[in-house]
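Spelled out, the chains give:
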Amino acid sequence: MKKTILITGAGSGLGKETAIGLAKNGHKVVAGVLQWEQVTQLKEEAKKENVTENLQVIKLDIRDEIDRKNAQKFDVDILVNNAGIGETGPMAEIPVDLLRKVMETNVFSTLEFSQPFIKKMVEKGQGKVVFISSMAGVSTYPFLGPYNASKHALEAVAQCLRDELKELGVTVATINPGPYRTGFNDRMYDSVDQWYDENQNFTPAKPIRNIQAGVAGDEGQFDPQEMIDKMIEVIPAEHHLFRTMLPKPIEDWCKEYQQNQWTLEI
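Keep in mind that what you see is a predicted model, and the values were worked out from it rather than measured.

Q: So what's going on with unusual backbone geometry? Residues and values would help.
A: A cis amide bond, omega -5°, links Leu246 with the succeeding residue Pro247. Within the secondary structure, Pro247 sits in the loop between strand 7 (243-246) and helix 9 (248-260). A positive phi angle is found at Asn50, which is not glycine, with a value near 60°. If you trace the backbone, Asn50 turns up in the loop between helix 2 (36-48) and strand 3 (55-59).

What follows is the structure, encoded as structure tokens:
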């Protein structure tokens, strides 16, 4: 059965490719992108992929009231909350306003954007909300604290909504990508350089640079196609796991990580 699906953060990376893939499969997709330039770019790509009939592109900053109201005119079967940002750096020194910014986008604005859609779904007695979380929502990594904190909070939001909406006909799920090579990780790990100064901050530079070279380097990231294919499969599906994580080695690592928290000593 073909669905009407709204995806936020569809201007790049996993969101963009998933939006195009869902449109190719015959679903009606509303692709929300952050910047006007991305509207033009995605429309041009939709023409190349022959999906203009199924893919409608809108300007959508979920933090902007005008954009939110415009998006909420659409009657959708599935809402995919994919928009998100990240900041990196040592938690003991990062300017807290940067953490606030990440939480505002990834948690508060995401929930605020979702609520009117959820209300419509409850009134219809059916609907689905998918939160694009991350492996960072069920594990932590040095110098990734702001993103970790936001995705952990998003996991809690999703789990509460899942349990609260179950009897009202609305289903909730998360998709938790590992470190895929979309450019997002690179940009996020670059953000520390906006404020960190090894001559001023007490956190040593070497561990930060090692993480940048590893997690945000080519060797530490996976080809995103398998995640895109899985998102295209899971988002419109009627039955699947509450949490979908890829690649499998990362899922196994996260499960081991969580178990280890109960036995670690300090």
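The rest of the description comes next.
Q: Residues and numbers for the packing of helix 4 (residues 96-124) against helix 5 (residues 145-165), please.
A: It is the contact of helix 4 with helix 5, at a shortest axis distance of 8 Å, that shows an interaxial angle of 20°. Relative to helix 5, the element helix 4 is oriented roughly parallel. Where helix 4 crosses over helix 5, the two elements pack in a sense that is right-handed. Every residue of helix 5 that contacts helix 4 at Leu99, Val102, Met103, Asn106, Val107, Thr110, Leu111, Ile118 and Val122 is listed here: Pro146, Tyr147, Ala149, Ser150, Lys151, Ala153, Leu154, Val157, Leu161 and Leu165. When its residues are assigned to classes, the contact of helix 4 with helix 5 shows 15 nonpolar, three polar and one charged.

Q: So what's going on with the sheet that holds strand 4 (residues 78-81)? Residues and values would help.
A: Read across the sheet, seven strands follow the order 3-2-1-4-5-6-7 without closing on themselves; strand pairing throughout is parallel. One side of each edge strand has no neighbouring strand; the edge strands of this open sheet are strand 3 and strand 7. Looking at each pair of strands side by side, their axes are set apart by 15° on average, direction ignored. Contacts between helix 2 and the sheet are confined to strand 2 (28-33) and strand 3, with strand 3 contributing the most and set at about 170° to the helix.

Q: Now, about helix 8 (residues 225-234): what can you tell me, with residues and values included?
A: Of the residues making up helix 8, those classed as buried are Met227, Ile228, Met231, Ile232 and Val234. Tucked into the core, helix 8 has its buried residues touching helix 1 (13-24), strand 5 (127-132), strand 6 (170-177) and strand 7.

Rules and cut-offs
Residues numbered from 1 in each chain as written. Predicted model: local features only at pLDDT ≥ 70, side-chain atom pairs only at ≥ 80, totals over all residues. Heavy atoms only, no water. Helix = DSSP H or I, 4+ residues; strand = E, 2+ residues; numbered from the N terminus. Axes fitted to C-alpha atoms, helices over the stretch in contact; angles between N-to-C directions. Parallel < 35°, antiparallel > 145°, perpendicular 65-115°, else oblique. Left-handed = near helix turned anticlockwise from the far one by under 90°. Contact = heavy atoms within 4.5 Å. Nonpolar A, V, L, I, M, F, W, Y, C, P; charged D, E, K, R; others polar. Pairing = 2+ DSSP bridges. Buried < 20%, exposed > 50% of the residue type's maximum accessible area, 1.4 Å probe, protein only.

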